[in-house]
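# Structure assessment
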Amino acid sequence: MIACYPRAASRALSISDLRALARRRLPKSVFDFIDGGAEDELTLRGNRDAFEQVRIVPRILVDVDQPDLATSIVGQPADAPFVIAPMGACALAWPGADLAIARAARDCGIPYTLSTMATVSIERMASDVGGRLWFQLYVLRDMDFCRKLIARAAAAGYEALVVTVDLPAGGKREKDLRNGISVPIRPSLRHVLAGIAHPDWALRLLSGGMPDFENVHGLLNDNSAGMTIAAKVGQNLNASFQWDDLRRMRDQWKGRLIVKGVEHPDDARQLCDLGADAIWVSNHGGRQLDGALPTLQALPGIARAIDGRVPLLLDSGVRRGVDALKARMLGAQAVCIGRAALFGAAAGGEAGARQALDILTGELRLAMKLSGTPNMAAAAHGLAPPAASAS
């Protein structure tokens with residue numbers, strides 16, 4: 001049974017197929033943790049709806065025999081306009097999922113972002129995988145601990161620091177509350193029964209060992225029970241973090257600084273003035289403020305406000321390769337994928353993660369052919385009116 005999953009993942013035709021495989025393979029609580037959003041999931045659905053409502057006006061009689069997906073992402077070359085977004089607790093989906101997804105990203109020539117709440121350490125990711133590595137920082141109340149994390153990322157050679165600024169508190173993720181997802185991860189009768197119902201998942205989890213949040217040793221070291229992962233981390237988030245604090249972080253970090261969680265044009269302009277090297281348009285995948293603006297709708301206003309001063313990245317709702325083309329036309333340099341890659345890893349480990357990236361790059365290549373877009377430079381915003389209605 002276990003060995004069949006990579007083969008099944010290799011036959012997936014879409015991210016939706018990989019999501020369906022992940023749903024069958026994982027206990028409900030784990031799948032809901034990956035797939036779910038905050039409260040009524042309005043923003044979660046809105047992110048996807050925004051992509052589906054955008055239309056491309058194709059151009060004709062263009063040489064698109066060999067579409068070129070290569071581009072620059074935050075000052076360095078990449079083979080495609082994709083970035084792996086930071087994700088916590090990935091090992092619940094597949095043991096070593098962080099490493100598996102990072103290897104797939106490295107082999108595909110795109111950046112990988114390691115989460116503060118990853119289940120692999122900053123140092124191990126750098127030594128075991130390499131490639132273009134970014135480190136994502138949750139801003140914690142213990143600023144000395146934050147500074148140590150930043151120093152560790154610098155010492156390990158990470159290219160960029162991604163500071164998440166849309167998390168002054170953890171969102172209310174009711175599915176996780178109902179399912180009893182907690183930190184430390186401790187089995188309950190409900191989880192034991194879920195393991196019995198999903199023996200292949202349970203065997204893999206037991207063989208790989210219970211996931212450990214290696215980057216926050218010394219911070220989340222108590223044994224409180226009955227709290228969700230989001231709520232537990234939320235107890236340690238710094239809701240007082242302000243512009244001057246970010247300036248001091250900019251001074252400490254000598255590499256590229258990317259600020260994640262931006263949706264307001266005025267904030268984007270101020271970040272440019274502060275010295276950010278890129279702005280990551282995000283609503284945390286619909287996992288924070290339920291009712292926040294879908295990122296694709298926020299993107300054009302931010303692009304106009306900063307007028308090319310720094311690159312823009314975008315996440316939330318990316319499920320098709322054509323989504324990268326739509327976002328590019330609206331002003332993003334690249335799109336960032338989280339759930340799509342983790343669905344692949346949950347469905348088949350590293351092979352499944354690679355299948356997810358192959359699906360997205362293959363769909364993007366086809367969309368470029370069909371839209372008359374020979375390369376990423378030709379997909380700059382303004383090339384075609386993406387919001388035009390199809391006849």
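This text goes with the structure placed above it.
Being a predicted model, the structure only gives us computed values, none of them experimental.

### Comments concerning the overall build of the chain
A tally of helices and strands in the chain yields 16 helices and 10 strands. Residues classed as buried in the chain amount to 58% of the 391 residues present. In the form shown here, the chain has an accessible surface area of approximately 16000 Å², with 52% of it arising from carbon and sulfur atoms.

### Brief notes about the pairing of strand 9 (residues 312-315)
A regular strand places its side chains so that they alternate between the two faces of the sheet. Alternating residues of strand 9 divide into Leu312 and Leu314 and Leu313 and Asp315, and every residue in both groups is buried. Here strand 8 (residues 278-281) pairs with strand 9 via three bridges, running parallel. Note on strand 9: the bridge partner recorded for tryptophan 280 is leucine 313. A crossover connection joins strand 8 to the parallel strand 9 through helix 14 (residues 295-306); in handedness this β-α-β unit is right-handed. Read as a crossover between parallel neighbours, the route from strand 9 over helix 15 (residues 321-329) to strand 10 (residues 334-337) is right-handed.

### With respect to the side chain of asparagine 283
Mapping asparagine 283 onto the fold places it in the loop between strand 8 and helix 14. A polar contact is formed between the side chain of asparagine 283 and the side chain of asparagine 47, at a distance of 2.8 Å. Of note is the side chain of asparagine 283, whose polar atom sits 3.1 Å from the backbone nitrogen of glycine 286. With sequence-adjacent residues up to four places away left out, asparagine 283 is seen in contact with Thr43, Asn47, Asp166, Glu263, Gln288, Ala292, Leu293, Pro294, Thr295, Asp315 and Ser316.

### Observations regarding the nonpolar core
One finds Leu18, Ile84 and Met125 to be the most contacted residues of the largest nonpolar core, which totals 115 residues. Element by element, the count of residues in this core is highest for helix 16 (residues 339-371), at 15 residues. With sequence-adjacent residues up to four places away left out, isoleucine 84 is seen in contact with Ile101, Ala105, Ile110, Pro111, Tyr112, Thr113, Ile337, Ala341 and Leu357. Residues Val83, Ala85, Trp280 and Cys336 belong to the second largest nonpolar core, which totals 14 residues.

### Things to note about the packing of aromatic side chains
A complete count under the given rule lists three aromatic pairs for this structure. On the numbers, 6.2 Å between centres and 20 degrees between planes, the contact of phenylalanine 31 with phenylalanine 343 is stacked. With phenylalanine 31 in helix 3 (residues 28-35) and phenylalanine 343 in helix 16, this pair connects stretches of sequence that are 312 residues apart. Taken individually, phenylalanine 31 and phenylalanine 343 each receive the classification buried, so the pair is uniform in this respect. Seen from their ring centres, tryptophan 134 and tryptophan 280 are 6.5 Å apart, and the 75 degrees between their planes marks the pair as edge-to-face. Highlighted residues: tryptophan 134 in strand 5 (residues 133-138) and tryptophan 280 in strand 8, separated in sequence by 146 residues. For the pair tryptophan 134 and tryptophan 280, a shared accessibility class is recorded, and that class is buried. We note lysine 260 situated over the ring of tryptophan 280; from NZ or CZ to the ring centre the distance is 5.6 Å. Positioned above the aromatic ring of phenylalanine 33 is the side chain of arginine 287, whose terminal nitrogen or guanidinium carbon lies 5.2 Å from the ring centre.

### Observations concerning helix 4 (residues 42-53)
Here helix 4 contains 12 residues, and its C-alpha end-to-end distance of 16 Å stays within 8% of the 16 Å for a straight helix at 1.5 Å per residue. Here helix 4 has its buried residues at Thr43, Leu44, Gly46, Asn47, Arg48, Ala50 and Phe51. Against the buried residues of helix 4 lie helix 3, helix 14, strand 9, helix 15 and helix 16.

### Comments concerning helix 13 (residues 265-274)
Within the sequence span of helix 13, burial applies to Ala268, Leu271, Cys272 and Leu274. For helix 13, the angular spread of buried residues about the axis comes to 160 degrees, placing them on one side. Close packing links the buried residues of helix 13 with helix 12 (243-252), strand 7 (256-262), strand 8 and helix 14. Looking at the residues trailing helix 13, positive phi occurs at glycine 275, about 115 degrees.

### Overview of the pattern of salt bridges
Counted under the stated rule, the structure contains 22 salt bridges. The shortest N-O distance in the salt bridge between lysine 28 and aspartate 32 comes to 2.7 Å. Placement of both lysine 28 and aspartate 32 in helix 3 is noted, with a separation of four residues, approximately one turn of the helix. By relative accessible area, aspartate 32 is classed as buried at 8%. Across the pair glutamate 350 and arginine 103 runs a salt bridge whose closest N-O atoms are separated by 3.8 Å. Here arginine 103 lies in helix 5 (residues 97-108) and glutamate 350 lies in helix 16, a separation of 247 residues in the sequence.

What counts as what
- Starting from 1, residues in each chain are numbered consecutively following that chain's sequence as written.
- Restriction of local features to residues with pLDDT of at least 70 applies here, the model being predicted, together with a cutoff of 80 or more for giving and counting side-chain atom pairs; totals for whole chains, interfaces and linings are based on all residues.
- Computation of side-chain values covers all heavy atoms of the structure but excludes hydrogens and water.
- Helix and strand definitions here come from DSSP, where helices need a minimum of 4 consecutive H or I residues and strands a minimum of 2 consecutive E residues; each element is numbered from the N-terminal end.
- Burial classes follow relative accessibility: with a 1.4 Å probe on protein chains only, a residue under 20% of its type's maximum area counts as buried, one over 50% as exposed, and anything between as partly exposed.
- What sets the accessible areas is the Shrake-Rupley method with a 1.4 Å probe; for residues, cover comes only from the shown protein chains.
- Any two strands with at least two DSSP-identified bridges between them are counted as paired.
- Looking down the strands as they point away from the viewer, one classifies a crossover as right-handed if the path from the first strand across the helix to the second runs clockwise.
- Throughout this description, a polar contact denotes any pair of N or O atoms lying within 3.5 Å of each other; where both atoms belong to protein, one of them has to be capable of donating a hydrogen while the other can accept it, and for residues adjacent in sequence the pair is counted only when both atoms sit in side chains.
- Contacts are assigned to residue pairs that have any heavy atoms within 4.5 Å of one another.
- As used here, the term nonpolar core means buried Ala, Val, Leu, Ile, Met, Phe, Trp, Tyr and Cys residues forming a set that is joined through side-chain atoms within 4.5 Å.
- What counts as a ring pair is set by centres within 6.5 Å for rings of Phe, Tyr and Trp (its six-membered ring), and what kind of pair is set by the plane angle: stacked under 30 degrees, edge-to-face over 60, tilted for all other angles.
- Criterion for a charge above a ring: Arg CZ or Lys NZ at most 6 Å from the ring centre, at most 35 degrees from the ring normal.
- To estimate how far a helix should reach, multiply one less than its number of residues by 1.5 Å.
- The arc in question is traced by the directions running from the helix axis to the C-beta atoms.
- For this document, the term salt bridge refers to a Lys or Arg side-chain nitrogen within 4 Å of an Asp or Glu carboxyl oxygen.

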